Amino acid sequence: MAPPPKLIDDVTVEVLLCLPPAEPEHLFRAALVCKPWLRVLCDPDFRRRYRAFHGAPPLLGLIPRRQAFDGYPAPRFASTTSMPDFPFPGAFDGHRARPLDCRHGRVLVQVWHERRRKLEYLVWDPITGDRHDLPAPDFDWVIYIAAVFCASDGCDHLDCHGGPFSVAFVAMATDLRKDIVKASAYSSETGAWSAPISLGDYAQHIRNALYERLRYGPFAQGRRGPVIGDQVYFALRGGNEIIKYNLHGNCLSVINPPPHNAYEIALMVMEDSSLGFAHIECCSLYLWSMKVDSQGVAEWVQRRVIKVETLVPTVDPSQGPFVVGSAEGLGVIFISAYAGLFTLDLKSEQMRKVDEPGDYFNVLPYLSFYTPDRGRLLSLARADDL
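Per chain, residue numbering runs from 1 following the sequence as it is written. Local features in this predicted model are restricted to residues whose pLDDT is 70 or higher, and side-chain atom pairs enter the listing and the counts only when it is 80 or higher, whereas totals over whole chains, interfaces and linings include all residues. Side-chain figures throughout are based on the complete set of non-hydrogen atoms in the structure, without hydrogens or water.

Looking up the chain in an unreviewed UniProt entry gives the name F-box protein AT5G49610-like beta-propeller domain-containing protein, with the organism given as Urochloa decumbens.

Listed below in C-alpha cells is the structure:
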C-alpha cells in the first residue's frame, strides 16, 4: 500500500494554527510527530501568527494566596491545563517567599532573606525561567500593594517575554498623621525606583477611621489591582475607596467608592477596557463598571447580575462565597467558597472547581502562550540534523 500523501506545508501550518492554546500539550505532541512539524512549530513566524490568530493568552495556571494565620504558606503554582506545574525558583529555599502579583507573563514575588534580615523583590518568568532582582522601595510602610506589568510601548501583551517591565508600589505610610498613602514605581530599563509621591491631604473621614480599622487588620485590600494603560488601581477595605496611581503623570488620586452595600469588592478590567468590580451579595454576583459621560463625570453603573446560589456549593452563606480575583481578557471570575476555589465563565455562566477548600483571599492568574519554542524542544529544533 502506498504511503498517504504528504500535507502541503501551507495546509500543515493552517491546521497547526487551530490547535487550542489552552491545551499546550497538543502543540508539544505535534512537535514530536516529525522533524518538519517541529521546524514549523518552533519557527518565530509561526509563533507570531499563532498568537495573533488566538488573541488573548490562555490561562495556564493559578497562584492562589491564602490567609497567613501561621506564617506565609509556601508559594504554589497550580496548573489549569495538563501541563505540569511550574516550580518556584530554588533560590527561595530557606527564605520566605510571597507572590504579590502576576501579569503579562511575569510573577512579582516578595522574598525575605532570613540570614541577612533583608526584604527584596523578584520578577520571575515561569516559562523562560528569567529572573530580575530588585530592591525594596526607599520609604517606610505598614502595608502595601504592588503590581507588575509590561512597559513596552505599543505591546499587545501576547508575548512579553524578555521585554521591559514596571512595578507599581502603593503603600500605607507608618505615620498616619501625615501622608497616609505613598507610591513609587520601578523601571527595569533604569533599574531604579522613582521618587516617592504621596496622596497629600487625604479625606478626613478616612483618616479618622484608620485607627479603628487597623485594630482589625490592614486597611489595604491584598487583591490584585487592575492595570489600564499607564494607570493602576487598588482598593481599600471598609469603605471600598479606590486609589488610582497614574504612572505617566506620577500622581495619586481617589475614586469615588462603589455603592455602600458592595462588600469585599474585587477590582477588574471590563470587556470595554473600563474599570469595573465584582462582588457577591445574597448569593448573587454583581458586576459594576465606571462610566464617564461627555462632561467627564464618572459614575458606577451596574452591568450584570448572576445567580450563583445554584452554582457554588455552600454550607453557611455568611462565610461565602466571595470573589477573589479575575482573569482579564478571558471573562473569568475566581470565587472562593466552602467547597473550594472555583472559576466562573461570564459568557457561559459555567462553574468549574480548580482547587481544594482553603482560606483564599486572592488569586493570581498566569496568562501566557506556552509554545514549543520554549524549553527542550527549542534545542531539538536547532540541532544540526534537522
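From this point, the narrative continues.
Peer 1: How would you sum up the overall build of the chain? Please name residues and give values.
Peer 2: A tally of helices and strands in the chain yields 6 helices and 24 strands. Considering the chain as a whole, with its 386 residues, one finds that 49% of them fall into the buried category. Contact definition: two residues touch when any of their heavy atoms are within 4.5 Å. Partitioning the contacts of the chain with sequence separation of at least 6, the portion at a separation of at least 24 is 52%. A 1.4 Å probe and the Shrake-Rupley method give the accessible areas. Residues count as covered only by the protein chains that appear here. Per element, the accessible surface of the chain, about 19500 Å² overall, is 51% carbon and sulfur. Secondary structure counts use DSSP, requiring at least four H or I residues in a row for a helix and at least two E residues in a row for a strand, with both numbered from the N terminus. Per-residue accessibility, obtained with a 1.4 Å probe over protein chains only, is compared with the maximum for each type, and a residue is labelled buried under 20%, exposed over 50%, and partly exposed between these values.

Peer 1: How would you summarise the packing of aromatic side chains if you had to cite specific residues and measurements?
Peer 2: A pair of aromatic rings is counted whenever rings of Phe, Tyr or Trp (Trp by its six-membered ring) have centres within 6.5 Å, and the orientation is called stacked for planes under 30 degrees apart, edge-to-face for over 60 and tilted otherwise. A full pass over the atoms with the stated rule returns 12 aromatic pairs. Ring centres of Tyr50 and Phe369 lie 6.1 Å apart, and the angle between their planes is 75°; this geometry places the pair in the edge-to-face category. Placement of Tyr50 in helix α4 (residues 44–54) and of Phe369 in the loop between β24 (360–367) and α6 (376–381) is noted, with a sequence separation of 319 residues between them. Residue Phe369 is classed as buried on the basis of its relative accessible area of 4%.

Peer 1: Tell me what's going on with α4, and back it up with residues and numbers.
Peer 2: Among all positions of α4, only Phe46, Arg47, Tyr50 and Arg51 are buried. Mapping the buried residues of α4 onto a view down its axis gives an arc of 130°, with all of them on the same face. Seen from the open side of α4, the exposed residues pointing more than 90 degrees away from its buried face are Ala52 and Phe53. Any pair of N or O atoms that falls within 3.5 Å is considered a polar contact. Within protein, one atom must be able to donate a hydrogen and the other to accept it, and sequence-neighbouring residues count only if both atoms are side-chain atoms. Of the residues that open α4, the one with a side-chain oxygen 2.9 Å from the backbone nitrogen of Asp45 is Asp43. Once α4 ends, the next one or two residues include Gly55, with phi positive near 80°. The reported arc concerns the directions from the helix axis to the C-beta atoms and nothing else.

Peer 1: Describe the sheet that holds strand β21 (residues 332–337), with residues and values.
Peer 2: Spatial strand order, β20-β21-β22-β23: 4 strands in an open sheet with antiparallel pairing. Among the strands making up the open sheet, the edge pair consists of β20 (322–327) and β23 (351–355). Taken pair by pair, the neighbouring strands of this sheet meet at an average axis angle of 30°, ignoring direction. Pairs of strands are assigned from DSSP output, requiring at least two bridges between the strands. Relative to strand β22 (residues 340–345), β21 runs antiparallel, the two sharing 6 bridges. Each residue of the ladder has a partner; that of Phe334, found in β22, is Thr343. Each axis is a line fitted through C-alpha atoms, and for a helix only the stretch in contact is used; angles between axes span 0 to 180 degrees, taken between their N-to-C directions.

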